[in-house]
Amino acid sequence: MKLKVCGLSNPIEIETCVSLNINYCGFILNYPKSHRHISFDKARELTKINKGNSKYVGVLVEPTIEQLNQFSELNFDYFQLYGNFHTDELMSIKDKFKKKIISSIQVKKKNDIKSYKLVESNSDIILWDSSGYEESLSWDYNWLKTVSTKVEKMVAGNITIDKIKNLVNLADTIDVSGALETNKVKDINKIKEIIAEIKKISHEN
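Note that this is a predicted model, so its numbers are computed, not measured.

Draft legend 1. How the structure looks around the overall build of the protein chain. Within the protein chain one finds 5 helices and 10 strands. Relative to a compact globule of 205 residues, whose C-alpha radius of gyration would be 17 Å, the protein chain shows 16 Å and is just as compact. In terms of principal-axis extent, the alpha carbons of the protein chain reach across some 45 × 40 × 30 Å. Considering the protein chain as a whole, with its 205 residues, one finds that 52% of them fall into the buried category. Considering only intrachain contacts with a sequence separation of at least 6, the fraction spanning at least 24 residues in the protein chain is 55%. As displayed, the protein chain offers around 10100 Å² of accessible surface, 46% of which is attributable to carbon and sulfur atoms. The protein chain carries 30 positive and 27 negative side-chain charges, and their two centres are separated by 3 Å.

Have a look at this one:
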């Protein structure tokens, strides 16, 4: 199982994640409603940090072409996109901005799961997330049992350390943010704890 730590906002958090070989490091770029949001200048500063074996992910909510163009200048491997993008738009973004794509599907009801079929042909990863944006809401992860795709599957939405064992056979990657914070700031000890739990569960399986 892979891990994405999202909402990183200062050098010590990123350096810790990179040193621990966390697969994906996420940055909230254009959504100021989130306390994890960072400015363009801050994003430029943080993505200059040597990412080692990690991949940098720029999280964008309904971005404009201007925003995509601006952030494409930075050292991101992926754009994680929220919004109603059809597959031709995704292909155009990939070709123009030279970034891999994580397509985010927001899940309120079981039928929302099926939306992946509209984007899988031009997505490098598909993320099933809650509908909460800056709020970390829960949903029934077992709905993913109906998914059949060769695209990497990522899951988010109020994932806490005790839920990880139930996600082993449902997703390739878990995307965690709020559960790794203390007083809305990333907690290095919590990041280390979740990595230890993933390693333990992976060994058991």
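Draft legend 2. Local environment of the side chain of Lys-99. Within the element layout of this structure, Lys-99 appears in the loop between α4 (87–97) and β5 (100–107). Asp-77 provides the closest opposite charge to the buried, salt-bridge-free Lys-99, at an N-O distance of 7.2 Å. Reaching out from Lys-99, the side chain makes a polar contact with the backbone oxygen of Phe-76 at a distance of 2.9 Å. If we ignore the near neighbours within four places in the chain, the residues touching Lys-99 are Ser-72, Leu-74, Phe-76, Asp-77, Phe-79 and Lys-94.

Draft legend 3. Up close: the pairing of strand β2 (residues 24–28). With respect to burial, β2 is a largely interior element, 5 of its 5 residues being buried. Here β2 shows no split at all, with Tyr-24, Gly-26 and Ile-28 on one side and Cys-25 and Phe-27 on the other all buried. Pairing of strand β1 (residues 2–5) with β2 involves 2 bridges; the strand directions are parallel. Opposite Lys-4, over in β2, you have Tyr-24 as the bridge partner. Traced from β1 through helix α1 (residues 11–19) to β2, the parallel crossover comes out right-handed.

Draft legend 4. Representation of helix α5 (residues 188–204). Given a rise of 1.5 Å per residue, 17 residues ought to cover 24 Å, and the 25 Å separating the end C-alpha atoms of α5 matches this to within 8%. Within the span of α5, buried status applies to Ile-191, Ile-194, Ile-195, Ile-198 and Ile-201. Burial along α5 is one-sided: seen end-on, the buried residues are contained in an arc of 130 degrees. Exposed side of α5, more than 90 degrees from the buried face: Asn-189, Lys-199, His-203 and Glu-204 are the residues found there. Looking at the buried positions of α5, the neighbouring elements they touch are β1, α1 and β8 (173–176).

Draft legend 5. Region of the structure containing the layout of surface pockets. The computed volume of the largest pocket comes to approximately 330 Å³. Here the element with the most residues in the lining of the largest pocket is β5; it accounts for 4 residues. Grouping the constituent residues of the lining of the largest pocket by class yields 7 nonpolar, 7 polar and 2 charged.

Cut-offs and rules
Note that residues are indexed from 1 along each chain, following the sequence as it is written. Residue-level local features of this predicted model are given only where pLDDT is at least 70; pairs of side-chain atoms are given and counted only at 80 or more, and the full residue set underlies all totals for whole chains, interfaces and linings. To get the side-chain values, take all heavy atoms of the structure and skip hydrogens and water. Starting at the N terminus, helices and strands are each numbered in turn, a helix being any DSSP run of H or I of at least four residues and a strand any DSSP run of E of at least two. We compute the radius of gyration over the C-alpha atoms and compare it with the globule rule, which gives 2.2 Å times the number of residues raised to the power 0.38. In this scheme, a residue with accessible area under 20% of its type's maximum is buried, one over 50% is exposed, and one in between is partly exposed, where area comes from a 1.4 Å probe on protein chains only. Two residues form a contact once any of their heavy atoms are found within 4.5 Å. The method behind every accessible area is Shrake-Rupley, applied with a 1.4 Å probe, and residues are considered shielded solely by the protein chains displayed. Residues scored as positive are Lys and Arg, those scored as negative are Asp and Glu, and His as well as the terminal groups of each chain are ignored. Note on charges: their place is set at NZ of Lys, CZ of Arg, CG of Asp or CD of Glu. Any carboxyl oxygen of Asp or Glu within 4 Å of a side-chain nitrogen of Lys or Arg constitutes a salt bridge here. In protein, a polar contact requires one atom able to donate a hydrogen and another able to accept it; more generally it is a pair of N or O atoms within 3.5 Å, and residues adjacent in sequence count only if both atoms are side-chain atoms. In short, DSSP must find at least two bridges between two strands for them to pair. Every crossover in which the path from the first strand over the helix to the second runs clockwise, viewed with the strands pointing away from the viewer, is termed right-handed. The span one expects for a helix is its residue count, reduced by one, times 1.5 Å. For this quantity, the arc is that covered by the directions from the helix axis to the C-beta atoms. Throughout, the protein atoms alone are placed on a 1 Å grid, and a set of points is a cavity if a 1.4 Å probe fits but cannot get out or a pocket if it is open with protein on both sides within 12 Å along at least five of seven lines; lining residues have an atom within 4 Å of a point. Grid points are joined across faces, edges and corners, and a volume is the space filled by probe spheres set on the points. Any residue that is not Ala, Val, Leu, Ile, Met, Phe, Trp, Tyr, Cys, Pro, Asp, Glu, Lys or Arg is counted as polar, Gly included; the first ten are nonpolar and the last four charged.

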